[in-house]
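Residue strings, one per chain:
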Amino acid sequence: MKQTPLFEEHKKLNARMVPFAGWMMPVLYSGITREHNAVREHAGVFDVGHMGVLEIRNSDFGMRNDQNAECGIGNWEDKILSRKISDMQAGRIRYNRILNENRFIIDDILVYAFENKTMWVVNAVNMDNVKKILTDKNIPFRESNLKAVALQGPDSDKIMSSLADVSEIKYYRFIETELLGEKVIISRTGYTGEDGFEIYTPNPVPVWDVLLQKGAVPCGLGARDTLRIEAGMPLYGHEISQSITEEDSKKLIGIEMLDRAIPREDYTVFFSGVKSGYVTSGTYSPTLKKAIAMAYIDMVNVGDTVEVEIRDQRHPARVVKLPFYKRTIR
Amino acid sequence: MSQEFPTDVMYSKEHEWVKIEGENAVIGITDWAQEEMGDIVFVELPDLGKDIEQMEELGVVESVKTISTVYSPVSGEITEINEQLQDTPEIINESPYEDGWIVKMALGDANEVDDLMTADEYQEHIQNGAEE
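Reading guide: rules and limits
- Residues numbered from 1 in each chain as written.
- Chains lettered and ligands numbered in written order.
- Predicted model: local features only at pLDDT ≥ 70, side-chain atom pairs only at ≥ 80, totals over all residues.
- Heavy atoms only, no water.
- Helix = DSSP H or I, 4+ residues; strand = E, 2+ residues; numbered from the N terminus.
- Rg over C-alpha atoms; globule rule 2.2 N^0.38 Å.
- Buried < 20%, exposed > 50% of the residue type's maximum accessible area, 1.4 Å probe, protein only.
- Contact = heavy atoms within 4.5 Å.
- Areas by Shrake-Rupley, 256 points an atom, 1.4 Å probe, with all protein chains shown as cover.
- Buried area = accessible area lost by both parts, 1.4 Å probe.
- Salt bridge = Lys/Arg side-chain N within 4 Å of Asp/Glu carboxyl O.
- Polar contact = N/O pair within 3.5 Å; in protein donor to acceptor, adjacent residues only side chain to side chain.
- Axes fitted to C-alpha atoms, helices over the stretch in contact; angles between N-to-C directions.
- Parallel < 35°, antiparallel > 145°, perpendicular 65-115°, else oblique.
- Left-handed = near helix turned anticlockwise from the far one by under 90°.
- Nonpolar A, V, L, I, M, F, W, Y, C, P; charged D, E, K, R; others polar.

Peer 1: Go over the overall build of chain A, please, and point to the residues and values.
Peer 2: From N to C terminus, chain A includes nine helices and 20 strands. For chain A, whose C-alpha radius of gyration is 20 Å, the value lies close to the compact-globule estimate of 20 Å for 330 residues. Viewed in the frame of its principal axes, chain A has a C-alpha envelope of about 60 × 50 × 40 Å. Counting over 330 residues, chain A shows a buried share of 58%. Considering only contacts within chain A whose residues lie at least 6 apart along the sequence, 62% involve residues at least 24 apart. For chain A, the exposed area adds up to about 14700 Å²; of that, 47% sits on carbon and sulfur atoms.

Printed below as a string of structure tokens:
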């Protein structure tokens, strides 16, 4: 099992550690609900050091608008990505997906655009697959030494501003700056549905420490999951995978249970008495105080009532639009 | 963080407790179990009047991330279920041995209590790395 540079910090905080995609990661510290609410109401900090960070020079990727791309590689973005990246301005970030020839999803990634390169933030579970694809296609890449720490929640701006000038960073943009004496990348991104930042640093321990000192609550994978479900964000291996195409993934929908039973991954969904789909992720929502799930269900519309089979009993649920939770902009 | 192991109940390997009150038994899950599970958000209770065998499934307790089957430490007939758990399942976290009881039953066989552990034995069971 691999350990992130923050492993010892998690142990000091008595985190419950679990194996996740080859890494030992904290699933919770004080309790999932408490951590979840800290992010919704104040600020939480997450170790995201398991995510893979790759760098690809624009000239090696054969960007559409790249004058130097004459070595026969040509337009890789059209062949392996769901969205083009060659039109991105430096300092911008775009959510993207790596697809295979048949448009099945190999990974979902964030692409950070620099003047001469892009930085790809890859799911830990897919790092080997992504590297293999790049290698197979003869696209040179470099593995970055940067590790991400995520600060999330309505108080993130106040906390981050006390450490660096982040006033210019709009949503899905980043800056390169100095933080605690290290050159870092700070982006306004996250996986919780709240305002927040992700800090890519070669030295995460002092960043982690200072964020805790400033009042951010340490949060584990458990809260990360409940927060991203409320925010309607897909997680690789659940909502999207190598057996789902980019087009099919757009049919993802939300359901809210009408009783307290909790829909879990792979539970069957019935519509008009017919087996019509399945749950991809479900949880009790600490914010909405009801059980929710994301699902693929054939032929349903928002407002329809469906039934989820939970331990041999069918429980009613309403089909809703994603996301379940949207923050109010202050 | 310190866990409670009251001595007026008996314990099962699967982390249920049972309190014998004459011909009746009160059943719940232990402090250790609730702490392992974390925030409990749903409890599925059996039907009233149901006959349950020892070690048969009694119900289901779900936390945010986990699902846990509750097995009956003794056999008997369900005489009462804790209705409060429907709307406030978190009372299992707050008070696992008192307010957070799960069912009451008319004892089927009082001798079955001999299969269970005392508080000391249960603590030892946990320290030996009880994971099942």
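The discussion continues.
Peer 1: Please provide a residue-by-residue account of the interface of chain B and chain A, values included.
Peer 2: Facing the 16 residues of chain B at the interface are 16 residues of chain A. Of the roughly 1400 Å² buried between chain B and chain A, counting both surfaces, carbon and sulfur atoms make up 46%. Taken as a group, Val41(B), Val64(B) and Lys65(B) account for 39% of the area that chain B buries against chain A, more than any other trio of residues on that side. Counting across the interface, chain B meets chain A through four salt bridges. A salt bridge links Asp225(A) to Lys65(B), with the shortest nitrogen-to-oxygen separation between them at 2.6 Å. Summed over the shared surface of chain B and chain A, the result is 12 residue pairs in polar contact (both at pLDDT 80 or more).

Peer 1: Mind laying out the packing of helix H2 (residues 32-41) of chain A against helix H8 (residues 221-230) of chain A, listing which residues take part and the relevant values?
Peer 2: A packed helix pair is summarised by two numbers, namely the angle formed by the two axes and the spacing between the axes. Residue and element names in this part refer to chain A. In the contact formed by H2 and H8, the axes pass within 8 Å of each other and the chain directions differ by 55 degrees. Of the possible angle classes, the one that applies to H2 and H8 is oblique. Viewed along their axes, H2 and H8 form a crossing whose handedness is right-handed. Contacts between H2 and H8 involve Ile32, Glu35, His36, Val39 and Arg40 from the former and Gly222, Ala223, Thr226, Leu227 and Glu230 from the latter. The residue makeup of the contact of H2 with H8, split by class, is four nonpolar, three polar and three charged.

Distances and angles like these do not, on their own, reveal function.
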